[in-house]
Amino acid sequence: MTDQNEPAKRITRRKLAKLAIAGTVIGPATWGVALKLKDNPLPEVAEPHLKIEGGWILDIDDIFNDGAIVNTE
Amino acid sequence: MIHNANSSEFSFQGQYDFCIIGAGPAGISLALELAKSESRIVLLEAGDREFTEESQELYLGELLGQEYADLDVARLRYLGGTTGHWGGQCLRLDDHDFETRDDIPLCGWPIRYDDLRPYEKGANEILNLTSFGRVRRALDDNLEVVTQRWSADRAFYDISNTEPIRFGPRFTGALETAEAIDLVLNANVTGVSVESATGRILKAKVENYGGQTHTVQANHFILAMGGIENARFLLQLNSKQNNQFGNQGDMVGRCFMEHPTQHCGAYFITRRLYSNSRYWQLERLLRRQKPEKAISPTQEFQLNSGIMNSTVHLDRLYRRPLNDQETGGSEFIKNLEFEKDYFFSGDAFIVSEQAPNPASRVLLTEGRDRFGQRKVGLDWQLLPIDTKTMRTSIVEVARMLIRTGLGRMQMDPKLWEGQSNQAYDYSWHHMGGGRGCPIRRKQELWTEIVKFTEQKIYTLPDRASLLHPVMQIQRTRLYSSHFGLPII
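(A) Inspection of the overall build of chain A at higher detail. Looking only at helices and strands, chain A has one helix and two strands in total. Its helices and strands in sequence order give chain A the pattern α-β-β, from N to C terminus. Relative to its full complement of 73 residues, chain A shows a buried share of 22%. Of the roughly 5,300 Å² of accessible surface on chain A, 62% is carried by carbon and sulfur atoms.

Pasting the structure below:
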């Protein structure tokens with residue numbers, strides 16, 4: 001009985017190992033894809049029109065509602 | 001051998017080949033090099049092996065210009081000098097830092113970095129550095145070397161963070177066993193004897209803290225006291241010797257320079273890039289603790305903008321939102337469209353080069369110290385170009401962040417307005433005060449040193465007891481070898 005069961009055990013361990021390996025590869029890959037989907041860049045500004053507000057150097061389009069434009073470059 | 005001038009049995013024995021005044025990094029390095037020859041060297045240290053109040057208080061001075069650290073705090077007056085509180089950072093200068101610029105008066109070096117390169121290896125060994133300015137890799141538990149990642153647009157500086165070498169404890173053993181070196185502690189040089197016919201220095205008067213006076217004779221006298229004390233010593237000497245010691249042009253003590261520093265505030269990045277671009281590399285680097293990251297204007301941009309060199313240091317980014325205080329009450333961030341949990345922020349600061357300014361100077365005040373020596377005054381001044389350098393550099397980095405959609409950055413509104421009369425932080429680097437003439441070309445430097453050579457007195461590079469010890473040691477070796485001194 002023992003001899004007949006051992007191949008089955010080895011196969012199970014091998015499968016488990018494969019699953020573990022697949023997990024270590026697929027997991028981060030999925031995570032990476034998820035991150036990529038969350039990539040959310042600001043719009044590129046070819047010719048920034050700089051100003052300062054609240055100590056921040058901003059493009060003039062950064063402000064829509066508030067704040068007076070100070071000393072526009 | 002190590003002696004103590006405070007000891008009642010102490011006296012100088014015979015004539016020395018070299019008398020080095022100041023046992024900081026330059027003085028100790030030079031003494032150990034000279035000891036490889038047949039020369040007899042006396043190395044005079046005004047302080048003791050360790051910190052003492054009676055020595056340190058002799059560094060008291062008057063601050064007359066920009067806000068600055070008290071002079072008895074910014075320097076250390078004992079064996080090993082200011083390396084006793086050195087932070088351990090070494091930074092390789094850019095090649096173009098040495099070049100003369102027509103738009104910056106008194107700018108430029110009489111040498112090029114290539115002149116120093118042969119001495120780089122030896123200097124690195126003294127400071128326990130290897131591959132200075134090369135790929136970042138661990139040398140040992142205490143030393144990492146930072147690579148220059150890329151330099152197409154803006155260069156990352158090479159910054160090596162070492163375990164700071166305290167020259168006192170590090171080289172005490174070597175100085176103790178060096179038969180050719182007499183290191184004399186508590187030896188304050190308070191006067192020199194000048195041969196009237198030749199202008200040569202024949203001997204120096206040395207006082208201890210017990211009121212006893214000694215005389216030391218040497219063929220060559222070498223000043224290695226740092227950027228402020230070298231200038232102070234030469235100014236005192238010239239005040240009694242008709243300015244013949246390199247001060248015919250009234251330049252000794254002038255063009256004192258610092259590295260003006262200012263905290264910019266926060267910066268943030270909201271974007272992860274997947275394309276292999278320079279900005280992708282930047283973004284990846286900014287998420288790492290090491291290496292230190294700095295963005296610097298190119299030489300061409302400096303020339304076109306009429307600014308000096310600078311580094312805008314960007315600290316590591318952490319995934320965290322900015323609070324209301326950090327946003328300065330501005331609502332603009334709410335208007336930007338990005339995922340709120342995908343927001344990385346960090347701090348930034350700028351360190352810039354200062355343009356040579358004769359009005360920024362080390363000078364003598366009317367006060368006297370316990371040895372009757374005139375106390376030192378420091379009138380650190382900035383020019384409008386220095387403010388412009390900081391402003392332009394920060395704005396250019398911010399412009400890059402906006403142009404690429406990476407993020408935004410803060411700066412001091414006063415600096416944006418170009419206000420030049422504000423206080424800046426500083427780096428305790430004490431540069432420039434030792435120049436003897438408005439050096440522009442190599443030959444002028446050699447002429448100046450030859451003049452000193454004829455008088456048997458030399459000044460060692462003032463630059464670098466802190467940020468550029470490698471430079472200081474390299475230059476010491478360069479100058480020495482040029483004049484046939486037995487330096488390897």
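(B) Region of the structure containing the pattern of salt bridges. All names here are of chain B. Counted under the stated rule, the structure contains 13 salt bridges over all chains. Here R232 and D369 are joined by a salt bridge, their closest N and O atoms 3.0 Å apart. Within this pair, whereas R232 is found in helix α6 (residues 227–240), its partner D369 is found in the loop between β18 (361–368) and β19 (374–379), the two being separated by 137 residues in sequence. The class for R232 is buried, based on a relative accessible area of 7%. You can call D369 buried: its relative accessible area is 13%. Of the charged contacts, one joins R254 and D250 as a salt bridge, the two residues approaching to 3.0 Å between their closest N and O atoms.

(C) Expanded view of the sheet that holds strand β4 (residues 61–63) of chain B. Residue and element names in this part refer to chain B. With mixed pairing, three strands are arranged side by side in an open sheet as β4-β19-β18. Of all the strands in the sheet, just β4 and β18 have a single pairing partner and so form its edges. Between one strand axis and the next, the sheet turns through 30° on average, direction left out of account. Inspection of the sheet shows β18 paired to β19 by five bridges, in the antiparallel sense. By the bridge assignment, L363 is partnered in β19 with G377.

(D) Region of interest: unusual backbone geometry. All names here are of chain B. With a phi angle near 65°, L106 is a residue other than glycine that sits in the positive phi range. By secondary structure assignment, the location of L106 is in the loop between β5 (89–91) and α3 (113–116). Positive phi values are uncommon outside glycine, yet C255 reaches one of about 60°. Checked against the element boundaries, C255 lands in the loop between α6 and β13 (261–269).

(E) Layout of the side chain of H430 of chain B. For H430 of chain B, the location among the structural elements is in the loop between α12 (413–417) and α13 (442–455). On the accessibility criterion, H430 of chain B (6% relative accessible area) is buried.

(F) Examining the confidence of the model for chain A more closely. Residues and elements named next belong to chain A. When pLDDT is averaged along chain A, the result is 70; 58% of the residues meet or exceed 70. Taking the mean pLDDT of every element in chain A, the minimum, 70, falls on helix α1 (residues 2–38) and the maximum, 91, on strand β2 (residues 56–59). Scored below 50 in pLDDT, residues 65–73 makes 23 contacts in the model with residues more than four places away or belonging to other chains.

(G) Summary view of a nonpolar patch on the surface. Residues I21, V25 and I26 of chain A make up a contiguous nonpolar surface patch of about 300 Å² in total accessible area. Relative to the elements of secondary structure, I21 of chain A occurs in helix α1.

(H) Focus on the nonpolar core. Within the largest apolar cluster, 43 residues are counted, with the highest numbers of intra-cluster contacts made by I57 of chain A together with Y267, L314, I394, M409 and M411 of chain B. No other element matches helix α11 (residues 384–404) of chain B, which puts eight residues into this core. Apart from residues no more than four positions distant in its own chain, L314 of chain B is found in contact with Y267, L286, K293, I295, D347, A348 and M409 of chain B. Ranked by size, the runner-up nonpolar core spans 26 residues in total, among them F12, V42, L44 and A187 of chain B.

(I) Quick peek at the packing of aromatic side chains. Residue and element names in this part refer to chain B. A full pass over the atoms with the stated rule returns nine aromatic pairs over all chains. Ring geometry for F51 versus Y78: centroids 6.5 Å apart, planes at 85°, classification edge-to-face. Remark: Y78 occurs in the loop between β4 and β5 and F51 occurs in the loop between β3 (41–44) and α2 (53–56); sequence separation between them is 27 residues. Residue class for F51 comes out partly exposed when judged on its relative accessible area of 39%. For Y78, a relative accessible area of 13% puts it in the buried group. An aromatic cluster of at least three residues, connected via ring pairs, comprises Y68, F256, W380 and Y426. Seen from the ring of F344, R287 lies directly overhead, with NZ or CZ sitting 4.0 Å from the centre. Above the plane of the ring of W416 lies R391, whose end atom (NZ or CZ) is 4.7 Å from the centre.

(J) Layout of the packing of helix α1 (residues 25–34) of chain B against helix α5 (residues 167–177) of chain B. Residues and elements named next belong to chain B. Two numbers describe how α1 lies on α5: the axes approach to 11 Å, and their chain directions differ by 20°. Between α1 and α5, the interaxial angle falls into the category roughly parallel. In terms of crossing hand, the pair formed by α1 and α5 is left-handed. Along the contact surface, α1 presents P25, I28, S29 and L32, while α5 presents F167, F171, A174 and L175. Of the residues belonging to the contact of α1 with α5, the class tally is seven nonpolar, one polar and no charged.

Parameters at a glance
Residues numbered from 1 in each chain as written. Chains lettered and ligands numbered in written order. Predicted model: local features only at pLDDT ≥ 70, side-chain atom pairs only at ≥ 80, totals over all residues. Heavy atoms only, no water. Helix = DSSP H or I, 4+ residues; strand = E, 2+ residues; numbered from the N terminus. Buried < 20%, exposed > 50% of the residue type's maximum accessible area, 1.4 Å probe, protein only. Areas by Shrake-Rupley, 256 points an atom, 1.4 Å probe, with all protein chains shown as cover. Salt bridge = Lys/Arg side-chain N within 4 Å of Asp/Glu carboxyl O. Pairing = 2+ DSSP bridges. Axes fitted to C-alpha atoms, helices over the stretch in contact; angles between N-to-C directions. pLDDT = per-residue confidence, 0-100. Contact = heavy atoms within 4.5 Å. Patch = residues over 30% accessible without salt bridge, like charges linked within 9 Å, V, L, I, M, F, W, Y side chains within 5 Å. Core = buried A, V, L, I, M, F, W, Y, C linked by side-chain atoms within 4.5 Å. Phe/Tyr/Trp six-rings, centres within 6.5 Å; stacked < 30°, edge-to-face > 60°. Lys NZ or Arg CZ within 6 Å of the ring centre and 35° of its normal. Parallel < 35°, antiparallel > 145°, perpendicular 65-115°, else oblique. Left-handed = near helix turned anticlockwise from the far one by under 90°. Nonpolar A, V, L, I, M, F, W, Y, C, P; charged D, E, K, R; others polar.

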